[in-house]
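Geometric and topological summary
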Amino acid sequence: MKKFDKYGFNRVLEPKNSFLQTAWKIDNTMVINENELLLDVEILNINFVSFVQMIEEANGEKSRMENRILEIVNNRGKLHNPITGTGGMLYGRVNQIGKAYSNKQGLKTGDEVISLVSLSTTPLKIDKILDIDIGFAQVSIIGQAIMFESSLISKKPDDLPLKVLISAWDEAGAPAETTRIVKPGDRVIILGAWTKLGLLCGFAAREKSGSKGKIVGVINSEEGRKKAEESQVFDEILCCDISNTFNFYNEYFEENNLFDVVINCSEEAYAEIITLFFVKNKGIVFFPSLSSDSNAAGLSAESIGKDITIIPYKGYVEGHTELSLKLLRKYDKLRKLLQEGLDKRGAFLNNYKNNDQRFINHCLHSLKHNGLNLVFESKPMRDVLKNALKIAKYECTVMIYGESGTGKEIVAQIIYNNSKRKSFPFIKINCASIPDHLLESELFGYEKGAFTGADPKGKKGIWEIAQKGILFLDEIGELPLQLQSKLLRVLQENEIYRIGGTKPIKTDVRIIAATNKDLTQMVKEGEFREDLYYRLNVFPIFLPPLRERHEDIRLLIKVFIEEYNQKFHLSKTIEPMTIEYLKEQEWVGNIRELQNFIQRLLISTDKNVVKIEDVRLLKNNFSNNHNKGMEKQSEIIIKENESLTNAMERIEKEILLQYKMKYKTTRKMASALGMTQSSISRRLIKYGIT
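Residues numbered from 1 in each chain as written. Predicted model: local features only at pLDDT ≥ 70, side-chain atom pairs only at ≥ 80, totals over all residues. Heavy atoms only, no water.

1. Section: the pairing of strand β15 (residues 398–401)
- With burial as the criterion, each face of β15 is covered, one bearing Val-398 and Ile-400 and the other bearing Met-399 and Tyr-401.
- As paired strands, β15 and strand β22 (residues 510–515) are joined by four bridges and run parallel to one another. Bridge pairing in β22 links Tyr-401 to Thr-515. (Buried < 20%, exposed > 50% of the residue type's maximum accessible area, 1.4 Å probe, protein only. Helix = DSSP H or I, 4+ residues; strand = E, 2+ residues; numbered from the N terminus. Pairing = 2+ DSSP bridges.)

2. Focus: the sheet that holds strand β19 (residues 470–474)
- Taken together, five strands build an open sheet; the order of strands is β16-β19-β22-β15-β23 and the sheet is parallel. Pairing within the sheet leaves two strands with one partner each, and these edge strands are β16 (426–430) and β23 (539–542). If you compare each strand with its neighbour and ignore which way they point, the axes differ by 20° on average.
- Bridge analysis of β16 against β19 gives five bridges, and the strand direction is parallel. Residue pairing for β19: Asn-430 is matched across the bridge by Asp-474. (Axes fitted to C-alpha atoms, helices over the stretch in contact; angles between N-to-C directions.)

3. Quick word on the pairing of strand β9 (residues 187–191)
- With respect to burial, β9 is a largely interior element, five of its five residues being buried.
- Both faces of β9 are covered, namely the face carrying Arg-187, Ile-189 and Leu-191 and the face carrying Val-188 and Ile-190.
- Each parallel crossover has a hand, and the one from β9 via helix α5 (residues 196–209) to strand β10 (residues 214–219) is right-handed.
- Relative to strand β12 (residues 259–264), β9 runs parallel, the two sharing four bridges. Paired with Val-188 across the strands is Val-261, a residue of β12. (Right-handed = clockwise from strand over helix to strand, strands pointing away.)

4. Observations concerning the pattern of salt bridges
- Scanning all chains against the criterion turns up 46 salt bridges.
- In this structure, Glu-495 engages Arg-489 in a salt bridge whose closest nitrogen and oxygen atoms are separated by 2.7 Å.
- Classification of Glu-495 as buried rests on a relative accessible area of 10%.
- Where Lys-506 meets Glu-495, a salt bridge forms, and the shortest distance between an N and an O atom there is 3.1 Å. Of this pair, Lys-506 sits in strand β21 (residues 505–506) while Glu-495 is found in strand β20 (residues 495–496), placing the two residues 11 residues apart along the sequence.
- Through salt bridges that share partners, Lys-227, Glu-230, Lys-336 and Glu-340 make up one connected network. (Salt bridge = Lys/Arg side-chain N within 4 Å of Asp/Glu carboxyl O.)

5. Section: the packing of aromatic side chains
- As enumerated under the stated definition, the model contains 10 aromatic pairs in all.
- Measuring from centroid to centroid gives 5.8 Å for Phe-444 and Trp-463, while their planes differ by 40°, and the two rings are tilted. Note that Phe-444 is positioned in helix α15 (residues 436–444) and Trp-463 in helix α16 (residues 462–465), a separation of 19 residues in sequence. No difference in accessibility class separates Phe-444 from Trp-463, as the two residues are buried.
- For the ring pair Trp-587 and Phe-597, a centre distance of 5.5 Å and an interplane angle of 65° mean the geometry is edge-to-face. (Phe/Tyr/Trp six-rings, centres within 6.5 Å; stacked < 30°, edge-to-face > 60°.)

6. A few points about the nonpolar core
- The biggest cluster of nonpolar side chains holds 118 residues, and the ones touching the most others in it are Leu-44, Leu-79, Leu-334, Leu-338, Ile-391 and Ile-415.
- Those residues in contact with Ile-391 that lie beyond four places of it in its chain are Ile-83, Cys-396, Val-398, Ile-415, Arg-510, Phe-539 and Ile-541. (Core = buried A, V, L, I, M, F, W, Y, C linked by side-chain atoms within 4.5 Å. Contact = heavy atoms within 4.5 Å.)

7. Observations concerning unusual backbone geometry
- With an omega of -10°, the peptide bond running from Glu-14 to Pro-15 counts as cis.
- Take Pro-15: it is sitting in the loop between β1 (12–14) and β2 (25–26).
- Backbone geometry at Lys-468 places phi at a positive 70°, although glycine is not the residue there.
- Its identity is not glycine, yet Trp-587 carries a phi of approximately 50°, on the positive side.
- Inspection of the secondary structure assignment puts Trp-587 in the loop between α21 (576–583) and α22 (590–604).

Keep in mind these numbers describe shape, not what the thing actually does.
What follows is the structure, encoded as structure tokens:
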């Protein structure tokens with residue numbers, strides 16, 4: 001037995017030598033080692049963030065949620081949502097105790113216990129799902145789990161309702177940290193007071209600040225106000241929408257009436273920023289929720305010149321279960337309100353979902369004024385953007401599918417702009433545009449002297465440059481198989497090796513990939529690694545072609561007219577009948593083709609009002625010229641007094657132009673012309689073909 005086995009390192013399958021929480025897959029064989037504990041599991045309490053994501057993905061259907069839970073556990077050996085990165089905790093009974101297990105609590109077979117470690121670190125096997133309690137975010141199962149010597153575990157007390165206790169203990173770190181940071185007589189404000197976290201932190205703050213302190217609760221609904229008043233723990237309750245930062249600031253901010261401690265339990269959009277206005281200089285801001293962006297708060301605090309202490313989410317605080325038990329036993333109202341908020345009506349859950357929807361609507365409104373030329377009137381496109389905004393706040397890998405010209409890069413930009421990494425680099429690379437032998441050095445960099453022609457100082461790759469940010473891998477389907485295996489290793493190990501390097505470089509980069517290929521078919525044909533496909537395809541987004549979103553064409557045309565009128569100092573319009581005609585076209589090149597066509601149309605038409613005949617004339621001219629160009633591919637035209645070298649270069653350039661138009665990528669061009677990709681790339685550069 002190795003010394004690290006007490007932490008469960010021996011159960012890590014992929015990647016090796018990682019912690020249980022960061023491991024992609026762990027061993028969930030239910031044969032215990034001598035220092036392990038085997039439990040028969042009856043209830044899984046799933047983290048709220050993870051549970052809401054599953055509900056939305058399954059469209060509220062319990063059968064689909066069950067399948068998703070089983071899929072995660074079967075694939076990863078633990079209930080670790082790959083999208084949200086969160087787990088939960090469990091309740092069960094002791095089945096077997098390893099002979100070398102450090103049994104400090106004197107556990108016996110049959111004892112009822114609650115785990116205090118995340119399901120994202122717990123080897124789990126589910127035989128059957130019996131029921132899903134939507135309000136409590138709890139799943140009744142027949143299954144088993146492994147606990148380690150380091151695993152926090154507690155016997156179930158007999159005097160408290162089991163479901164309420166499990167749910168409260170899942171957030172036990174928050175009230176425990178609250179008692180650490182609040183001092184007697186402190187002024188404390190809690191954003192999101194009518195939430196499970198808000199109530200627990202509220203009662204903990206009252207317990208510590210005492211009668212001389214002041215506790216203010218902020219909620220966003222009348223129902224929440226009534227429940228918060230019922231708790232009798234808050235001295236004042238503010239009912240308002242804190243996502244409207246400036247309105248909230250103007251209505252409630254008083255320079256001489258700031259707070260010693262601000263606790264942000266809210267799921268409202270941009271609530272992190274408003275916390276800074278209400279805390280005193282040298283005060284404390286606490287973010288007990290996993291979904292809060294404490295980094296954004298830190299950067300904003302610097303911008304407004306406040307010296308404050310920011311405390312992010314803390315899962316474990318010493319003595320946290322004892323404190324939660326004390327609060328639950330002492331305050332009947334706390335038990336009652338938690339029970340009501342978590343019952344079948346799911347008040348807490350609905351509040352979370354409503355906040356999430358407000359955030360989506362706010363972002364959709366903002367997208368109309370962000371300069372991205374994004375149009376999303378059609379339902380398919382609104383659904384795409386809702387998915388992009390939902391996934392932005394999580395840390396998972398995203399795969400964007402769509403035909404060329406549908407706007408995949410813009411969707412990636414939207415995810416970045418609304419993510420926790422928006423203050424760090426957003427690096428884009430087109431995997432099809434860089435020759436194979438250069439792509440590895442572009443991605444991972446190289447050490448000095450790594451190869452002939454290398455920079456003598458060495459070079460960082462874009463993976464290093466994107467540290468803590470997001471890397472957008474466009475045209476991922478064009479990545480050579482050799483590099484696919486290296487990319488897989490980087491995703492597994494979160495480390496890279498520069499070319500010529502011997503020391504690994506740890507990385508913290510989120511990946512968004514995009515392709516116009518059918519990767520599932522490529523996997524079947526052996527052109528794309530299956531294991532890499534599953535690592536990248538954690539959350540797929542499918543962009544519809546323009547022909548499936550005709551409602552957007554009219555507004556896109558309007559956007560492009562405004563853009564090119566301004567750019568070329570024109571004042572042209574397109575008559576309504578002509579727009580209807582344009583809406584009926586196929587636009588196989590999607591938005592890019594439409595945009596280019598509108599540009600040519602405005603430039604080539606003499607009249608200020610464009611009509612159908614102008615559109616038809618331009619389309620016919622383009623079609624005729626294109627066909628003539630194709631017909632002349634096989635003709636050799638000799639110009640008078642032209643040298644052989646110049647003639648050959650001219651013809652070579654014409655051939656390259658035609659093949660670039662047809663095949664798009666250097667890899668496909670090289671295959672069609674029987675040349676190496678590097679040779680094609682050099683010739684394109686030589687002739688200025690982009």
